[in-house]
Amino acid sequence: MPTKTPKAKPSRTDGIPPEQTRALLSRLRRAEGQVRAVIRLIEEGQPCEQVAQQLTAARKALDKAFFAMAGCAIEHGQVEPRGVSAFLAKFV
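Read on for a plain summary of the structure. (Residues numbered from 1 in each chain as written. Predicted model: local features only at pLDDT ≥ 70, side-chain atom pairs only at ≥ 80, totals over all residues. Heavy atoms only, no water.)

### Brief notes about the overall build of the protein
Helices and strands together make up the secondary structure of the protein, namely 3 helices and 0 strands. Written out in order from the N terminus, the α and β elements of the protein read α-α-α. Per-residue burial over the protein gives 20% buried out of 92 residues. Summing over all exposed atoms, the protein offers an accessible surface of approximately 7,400 Å²; the carbon and sulfur share of this is 58%. (Helix = DSSP H or I, 4+ residues; strand = E, 2+ residues; numbered from the N terminus. Buried < 20%, exposed > 50% of the residue type's maximum accessible area, 1.4 Å probe, protein only. Areas by Shrake-Rupley, 256 points an atom, 1.4 Å probe, with all protein chains shown as cover.)

Now the structure itself:
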């Protein structure tokens, strides 16, 4: 019976460095709070404009988190300089 070879876990060097992890998690927690606020506003029956304003804030927070993560990938050589446009095009 063949044995299964366990999948290698990515090393920490392949992931987001600790200092950038903290900043990214902070941004995501901020966005999470804004999404919770959107849910609360909808549940309370608040006006659409107020909900849209909070959705805009959440979207901007997520965009900032995404571009910080993309910058990290570029900075740490996970994306080659000539491949930045293609990398971003996959997600934007």
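### Considering helix 2 (residues 48-75)
In a regular helix each residue adds 1.5 Å, so 28 residues correspond to 40 Å; helix 2 covers 40 Å between its end C-alpha atoms and thus fits that length. Buried positions along helix 2 lie against helix 1 (18-43) and helix 3 (84-91). Gly-77 occupies a position one or two residues after helix 2 and carries a positive phi of about 75°. (Expected span 1.5 Å × (residues − 1). Contact = heavy atoms within 4.5 Å.)

### Remarks on the nonpolar core
Counting residues in each nonpolar core, the largest one holds 6 residues, listed as Phe-66, Ala-70, Ala-73, Val-79, Val-84 and Phe-87. Looking at this core, the elements with two or more residues in it are helix 2 and helix 3. With sequence-adjacent residues up to four places away left out, Ala-73 is seen in contact with Gln-78, Val-79 and Phe-87. (Core = buried A, V, L, I, M, F, W, Y, C linked by side-chain atoms within 4.5 Å.)

### Some thoughts on a positive patch on the surface
The grouping of Arg-30, Arg-59, Lys-60 and Lys-64 at the surface amounts to a positive patch. For the positive patch, the element with the most residues is helix 2, which contributes 3 residues. Taking relative accessible area as the criterion, Lys-64 reaches 52% and is therefore assigned exposed. (Patch = residues over 30% accessible without salt bridge, like charges linked within 9 Å, V, L, I, M, F, W, Y side chains within 5 Å. Salt bridge = Lys/Arg side-chain N within 4 Å of Asp/Glu carboxyl O. Lys, Arg positive; Asp, Glu negative; His and termini not counted. Charge placed at Lys NZ, Arg CZ, Asp CG, Glu CD.)

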